[in-house]
Amino acid sequence: MFKISGIITTTIVGLAQPGSISAPGMKIGDRIIQASSPPTLNSNVNIFEAVVTVDDQIQQTGGFGAATAVPFDILALRL
């Protein structure tokens, strides 16, 4: 059993390919539960790590096919 100690929301700018994305306020262990993208990307959100591994960053594990930077709204839980 675990206790939720907070809900974190942030907006990040996704990359065209895998890499590290600045996400101020995110902490190691935060659980990303939703990432919303513009409708033109069909909400392809399985491209981010599920658990944050570096403070103030989110790791993008895959590309989403857009040639330009795209914003994503992130919802995470802090345990």
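This text goes with the structure placed above it.
Residues numbered from 1 in each chain as written. Predicted model: local features only at pLDDT ≥ 70, side-chain atom pairs only at ≥ 80, totals over all residues. Heavy atoms only, no water.

Our next topic: the packing of aromatic side chains. With the rule as written, the count across this model stands at one aromatic pair. Between Phe48 and Phe72, the ring centres sit 5.0 Å apart and the planes meet at 80 degrees, which makes this aromatic pair edge-to-face. You can see Phe48 sitting in the loop between strand E3 (31-36) and strand E4 (57-60) and its partner Phe72 sitting in strand E5 (residues 70-78), a full 24 residues away along the chain. Residue classification places Phe48 among the buried residues on the basis of a relative accessible area of 9%. (Phe/Tyr/Trp six-rings, centres within 6.5 Å; stacked < 30°, edge-to-face > 60°. Helix = DSSP H or I, 4+ residues; strand = E, 2+ residues; numbered from the N terminus. Buried < 20%, exposed > 50% of the residue type's maximum accessible area, 1.4 Å probe, protein only.)

Read from one edge to the other, the open sheet built from three strands follows the order E1-E5-E3, with strand pairing classed as antiparallel. Whereas interior strands pair on both sides, the edge strands pair on one side only; in this sheet they are strand E1 (6-14) and E3. Sheet twist, expressed as the mean angle between neighbouring strand axes with direction ignored, is 25 degrees. One ladder, built from nine bridges, connects E1 with E5; its direction is antiparallel. (Pairing = 2+ DSSP bridges. Axes fitted to C-alpha atoms, helices over the stretch in contact; angles between N-to-C directions.)

Now for the environment of Ile4. With respect to the element layout, Ile4 can be found in the segment before E1. In contact with Ile4, other than residues within four places in its own chain, are Leu77, Arg78 and Leu79. (Contact = heavy atoms within 4.5 Å.)

This part covers the pattern of salt bridges. What the rule picks out here adds up to two salt bridges. Residues Asp56 and Lys27 are paired through a salt bridge, measuring 4.0 Å at the closest nitrogen-oxygen approach. Here Asp56, found in the loop between E3 and E4, pairs with Lys27, found in the loop between strand E2 (19-22) and E3; they are 29 residues apart in sequence, far enough to count as distant. Judged by its relative accessible area of 32%, Asp56 is partly exposed. In this structure, the salt-bridge partner of Asp30 is Arg78, at a minimum N-O distance of 2.8 Å. Of this pair, Asp30 sits in the loop between E2 and E3 while Arg78 sits in strand E5, and the two are 48 residues apart along the sequence. Asp30 gets classed as buried once you look at its relative accessible area, which sits at 1%. (Salt bridge = Lys/Arg side-chain N within 4 Å of Asp/Glu carboxyl O.)

It is worth spelling out the nonpolar core at this point. Residues Ile12, Met26, Ile32, Phe48, Ile58, Phe72 and Ile74 are the most contacted members of the largest nonpolar core, which totals 16 residues. For this core, the secondary structure elements donating two or more residues are E1, E3 and E5. With four residues, the single largest contributor to this core is E5. With residues up to four places along the chain from it excluded, the contact list for Ile58 reads Ile12, Gly19, Ser20, Ile21, Ala23, Met26, Ile32, Phe48, Glu49 and Ile74. (Core = buried A, V, L, I, M, F, W, Y, C linked by side-chain atoms within 4.5 Å.)

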